[in-house]
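The primary structure of each chain is shown beneath.
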Amino acid sequence: MVKSSKVIGSGRTRVVYDLGNGYVLKVAKNKAGVSSNKNEFLLFHSKEFAPIRQHLAEIKQYGSHGLVMKKYTQPFRMTKKYIQKFIELRSKFKKNGIIPCDIWSRTHKGPSLTNLRLNHLGEIIVIDYGAFKFRDKHKK
Ligand SMILES: Nc1ncnc2c1ncn2[C@@H]1O[C@H](COP(=O)(O)OP(=O)(O)O)[C@@H](O)[C@H]1O
Ligand SMILES: [Mg+2]
């Protein structure tokens, strides 16, 4: 299905293919990956969380095959300015009722380089928000 695509990254729960058109395909490796894809889709499209959508990697498509997400290539910058921006972003998530899991690296004791990117405006974008906790009206 993704014959001509190459793997751009891989984490604990998903393998990510570069589709070569500015988007990536995230395919679940395990059950946690399935729920991460679903979680990202629900959070990105939730009206309730619209104020924080600009900080989430854009999602184009979601289905049983996986999740199609916009590709972001600019790494996070470990500078004072960006660490300050990161701290502000984290409190914005919390103020909006979201627990932003996995954006802090316990190993490196800093913002997660694997789950964060910058966009063309230099804004912080979360590319892995599969583990974020939030009120989900769809869940029972
Ligand atoms: N939108 C994206 N653009 C570019 N690279 C990505 C994107 N999403 C994921 N990746 C790459 O794939 C890796 C694994 O994706 P991630 O969503 O973190 O999966 P996991 O849930 O397994 O941690 C990331 O660390 C990153 O290197
Ligand atoms: Mg990850």
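Structure first, text after, so check above.
Worth saying up front: this structure is predicted, and the values here are computed from it rather than measured.

Let's talk about helix α1 (residues 31-45)
Next, step 1: In this model, α1 (15 residues) spans 22 Å end to end at C-alpha, consistent with the 21 Å of a helix rising 1.5 Å per residue.
Next, step 2: Listed in full, the buried residues belonging to α1 are Gly-33, Ser-36, Asn-37, Asn-39, Glu-40, Leu-42, Leu-43 and Phe-44.
Next, step 3: Looking at the buried residues of α1, the elements they touch are β2 (14-18), β3 (23-28), β4 (59-63) and β5 (66-70).

Some details on the site of ligand 1
Next, step 1: Not every one of the 19 residues close to ligand 1 is listed here, only the nearest: Thr-13, Arg-14, Lys-26, Lys-70 and Thr-114.
Next, step 2: Residue Arg-14 places a main-chain N or O atom 2.8 Å away from an oxygen atom belonging to ligand 1.
Next, step 3: For ligand 1, whose accessible area on its own is 550 Å², the fraction buried by protein is 92%.
Next, step 4: Structurally, ligand 1 is housed in the largest pocket.
Next, step 5: Those elements that place two or more of their residues in the shell around ligand 1 are β1 (6-10), β2, β3 and β5.
Next, step 6: Here the shell around ligand 1 takes three residues from β1, the largest share from any one element.
Next, step 7: Considering only residue class, the shell around ligand 1 consists of six nonpolar, six polar and seven charged.

Digging into the packing of aromatic side chains
Where two aromatic rings form a pair, the distance of their centres and the angle of their planes describe that pair.
Next, step 1: For the structure on display, the rule yields seven aromatic pairs.
Next, step 2: Seen from their ring centres, Phe-76 and Phe-86 are 6.4 Å apart, and the 75° between their planes marks the pair as edge-to-face. Taken as a pair, Phe-76 in the loop between β6 (74-75) and α2 (80-95) and Phe-86 in helix α2 lie far apart in primary sequence, 10 residues in all. Across the pair, exposure class does not vary: Phe-76 and Phe-86 are buried alike.
Next, step 3: Ring geometry for Phe-93 and Phe-132: centres 5.2 Å apart, planes at 75°, overall edge-to-face. With a gap of 39 residues between them, Phe-93 in helix α2 and Phe-132 in the segment after β10 (124-126) connect regions that are remote in the sequence.
Next, step 4: Within the aromatic cluster, the residues linked to one another by ring pairs are Phe-76, Tyr-82, Phe-86 and Trp-104.
Next, step 5: A cation over a ring is seen here: Lys-60 above Tyr-23, with NZ or CZ 4.7 Å from the ring centre.

Focus on the nonpolar core
Next, step 1: Among the nonpolar cores identified, the biggest contains 29 residues, and Leu-43, Leu-56, Phe-93, Ile-98, Ile-124, Tyr-129 and Phe-132 are the most heavily contacted of them.
Next, step 2: Secondary-structure elements contributing two or more residues to this core are α1, β5, α2, β9 (116-118) and β10.
Next, step 3: With four residues, the single largest contributor to this core is α2.
Next, step 4: Among the nonpolar cores identified, the runner-up in size contains five residues, and Tyr-17, Tyr-23, Leu-25 and Val-68 belong to it.

Conventions adopted
Residues numbered from 1 in each chain as written. Chains lettered and ligands numbered in written order. Predicted model: local features only at pLDDT ≥ 70, side-chain atom pairs only at ≥ 80, totals over all residues. Heavy atoms only, no water. Helix = DSSP H or I, 4+ residues; strand = E, 2+ residues; numbered from the N terminus. Expected span 1.5 Å × (residues − 1). Buried < 20%, exposed > 50% of the residue type's maximum accessible area, 1.4 Å probe, protein only. Contact = heavy atoms within 4.5 Å. Near = heavy atom within 4 Å. Polar contact = N/O pair within 3.5 Å; in protein donor to acceptor, adjacent residues only side chain to side chain. Areas by Shrake-Rupley, 256 points an atom, 1.4 Å probe, with all protein chains shown as cover. 1 Å grid on protein atoms, 1.4 Å probe; cavity = no way out; pocket = protein on both sides within 12 Å on 5 of 7 lines; lining within 4 Å. Sits in = over half its atoms within 2 Å of the grid points. Nonpolar A, V, L, I, M, F, W, Y, C, P; charged D, E, K, R; others polar. Phe/Tyr/Trp six-rings, centres within 6.5 Å; stacked < 30°, edge-to-face > 60°. Lys NZ or Arg CZ within 6 Å of the ring centre and 35° of its normal. Core = buried A, V, L, I, M, F, W, Y, C linked by side-chain atoms within 4.5 Å.

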